[in-house]
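Analysis of the macromolecular model
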Amino acid sequence: MDRDLITLLSGAAGGDRISEKDALRLFTTRNRDVWKIAAAADEKRQEVAGDAVTYVRNQNVNVTNICVNTCGFCGFSKKPGDEGCYFHDETVIREKAALAKKRDVTEICTVSGLHPAFTAQSYTDVYRWICEEAPGVHLHASNPMEVAYAARRSGMTTNEVLSAMKGAGLASMCGTAAEILTDPVRRQICPQKIPTKEWVRIIKEAHRLGIPTTATIMYGHCESDEDRVRHLAILREIQDETRGFTEFVPLSFIHMNTPIYRDGIARAGATGREDLLMVAVARLFLDNFENIQVSWVKEGIKMAQLGLIAGANDIGGTMFEESISKGAGATNTDYLDPAEMQRVAEDLGRTLCRRTTLYKRI
Ligand code: SF4
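These remarks concern the structure in this document. Keep in mind it's a predicted model, so treat the numbers as computed, not measured. (Residues numbered from 1 in each chain as written. Predicted model: local features only at pLDDT ≥ 70, side-chain atom pairs only at ≥ 80, totals over all residues. Heavy atoms only, no water.)

If you walk through the whole model with that rule in mind, you get four aromatic pairs. An angle of 85 degrees between the planes, with centres 6.5 Å apart, marks the rings of phenylalanine 248 and phenylalanine 289 as edge-to-face. Here phenylalanine 289 lies in the loop between helix H12 (272-285) and helix H13 (296-299) and phenylalanine 248 lies in strand S7 (residues 245-252), a separation of 41 residues in the sequence. Clustering of aromatic rings is evident, with ring pairs tying together Phe87, Phe118 and Tyr123. (Phe/Tyr/Trp six-rings, centres within 6.5 Å; stacked < 30°, edge-to-face > 60°. Helix = DSSP H or I, 4+ residues; strand = E, 2+ residues; numbered from the N terminus.)

Printed below as a string of structure tokens:
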């Protein structure tokens, strides 16, 4: 291991904040030093978040896959009339929420396509129906793109939309639609999505209104290591200001059914080295985040397990009815039994603990 890396890792272990230049050096590591970085991140994880592997019992309730946008990485969205398009009505949404409640979930997630008929009222109606059918279940919904869309469609400010959503039962917001927070990459992969500045503004508005959010990155397509570092730096800056992020969730790009892969703009997803380093560098760089999640939906359970010894402390949710990654070509995304999570955690000598969305132990 070279001397600079030893200095960098021991500085991070001692509590030094690592710079963007340092993070870039870590991301570009290609040899056995990857294990050293993962080990340093794992020690940091133990210090910051302890030894438990946490998970949440949750279910998705997606309302529609019809979307006015055509993001190049998305294999989920459909246009009206396309085969496989759906738009659930109130009865179906209420049934799904009631089923989730029966399944003893503590969290219902709902994110959908941007339906051409949606207004702010459409979102708040859905949230109310879900909360009525599943009282006491935490509603984790929307994202900055949906908030911006609802605001535009209804002549409201994004702050007004967020307040209305909160009033209708929104307890925390998804930090998705972040993809990569550098505009040149966003213009390539999702030109109709809100620019970085607007994503940041809406996230901060949510935090100020007392709506915590997750933080995500979607990596492994056409972004550079520099883009990844800038993205993490933006998240760290927001967290310094608001403390409103509950966790960081790296989302490895699922390429199979996506236009940017078919058109040769994106590569075939991140490698195992990149998946490991994303978790490890995030743990070392995001020194103001307690929770780093591995996504078994995106990476598969074996790679997710390795993430748990590279800086991650959380294995995500049971995910009844996952459909976003499935649309992009991922398999086995429907449900992960906590017994399997336990097997994976115990195999590492760790204990699986159930948590709420806001990381209270159950
Ligand atoms: S990523 Fe979201 S906004 Fe983009 S096309 Fe897919 S569903 Fe629509």
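Now that the structure has been shown, the text picks up again.
Bringing the site of the ligand into the picture now. In the region of the ligand, the neighbouring residues are Cys67, Asn69, Cys71, Phe73, Cys74, Phe76, Ser77, Gly113 and Lys193. Partitioning the shell around the ligand into residue classes produces five nonpolar, three polar and one charged. (Near = heavy atom within 4 Å. Nonpolar A, V, L, I, M, F, W, Y, C, P; charged D, E, K, R; others polar.)

Next up on the list: the sheet that holds strand S9 (residues 352-354). Read from one edge of the open sheet, three strands run S8-S1-S9, paired in parallel fashion. What marks the edges here is a single partner per strand, and that holds for strand S8 (314-317) and S9. Here the strands of the sheet are splayed against their neighbours by 20 degrees on average, with no regard to which way each runs. Where strand S1 (residues 53-56) and S9 come together, three bridges link them in parallel fashion. Bridging from a neighbouring strand, valine 53 pairs with leucine 352 of S9. Across the sheet, helix H16 (residues 338-347) touches S1, S8 and S9, and the angle it forms with S9 is around 140 degrees. (Pairing = 2+ DSSP bridges. Axes fitted to C-alpha atoms, helices over the stretch in contact; angles between N-to-C directions. Contact = heavy atoms within 4.5 Å.)

The element strand S6 (residues 213-219) is largely enclosed, with a buried count of seven among its seven residues. In this structure, S6 lies alongside S7, joined through six bridges in parallel fashion. Following the sheet pairing, isoleucine 217 is matched in S7 by proline 250. In the classification by handedness, the crossover that spans S6, the intervening helix H10 (residues 225-242) and the parallel S7 is right-handed. (Buried < 20%, exposed > 50% of the residue type's maximum accessible area, 1.4 Å probe, protein only. Right-handed = clockwise from strand over helix to strand, strands pointing away.)

Right, let's talk about the pattern of salt bridges for a bit. This structure, assessed with the given rule, holds 25 salt bridges. Arginine 201 is the salt-bridge partner of glutamate 205, the closest N and O atoms lying 2.9 Å from each other. One end of the pair, glutamate 205, and the other, arginine 201, are both in helix H9 (residues 196-208), four residues apart, so they sit about a helical turn from each other. Exposure remark for arginine 201: the relative accessible area of 36% places this residue in the partly exposed category. For glutamate 247, the salt bridge goes to arginine 355, with nearest N and O atoms at 3.6 Å. (Salt bridge = Lys/Arg side-chain N within 4 Å of Asp/Glu carboxyl O.)

When glycine is set aside, most residues are seen to have a negative phi, and most peptide bonds are trans. One non-glycine residue, alanine 177, lies in positive phi territory at about 65 degrees. Of note in the backbone geometry, glutamate 179 takes a positive phi value of approximately 45 degrees without being a glycine.

Contact pair helix H1 (residues 3-13) / helix H2 (residues 20-27): the axes reach a minimum separation of 11 Å and the direction vectors enclose 120 degrees. Viewed along their axes, H1 and H2 adopt a mutual orientation that is oblique. By crossing handedness, the relation of H1 to H2 is classed as left-handed. Note on element contacts: H2 touches H1 through Asp22, Arg25 and Leu26, opposite Leu5, Leu8 and Leu9. When grouped by side-chain class, the residues that make up the contact of H1 with H2 number four nonpolar, no polar and two charged. (Parallel < 35°, antiparallel > 145°, perpendicular 65-115°, else oblique. Left-handed = near helix turned anticlockwise from the far one by under 90°.)

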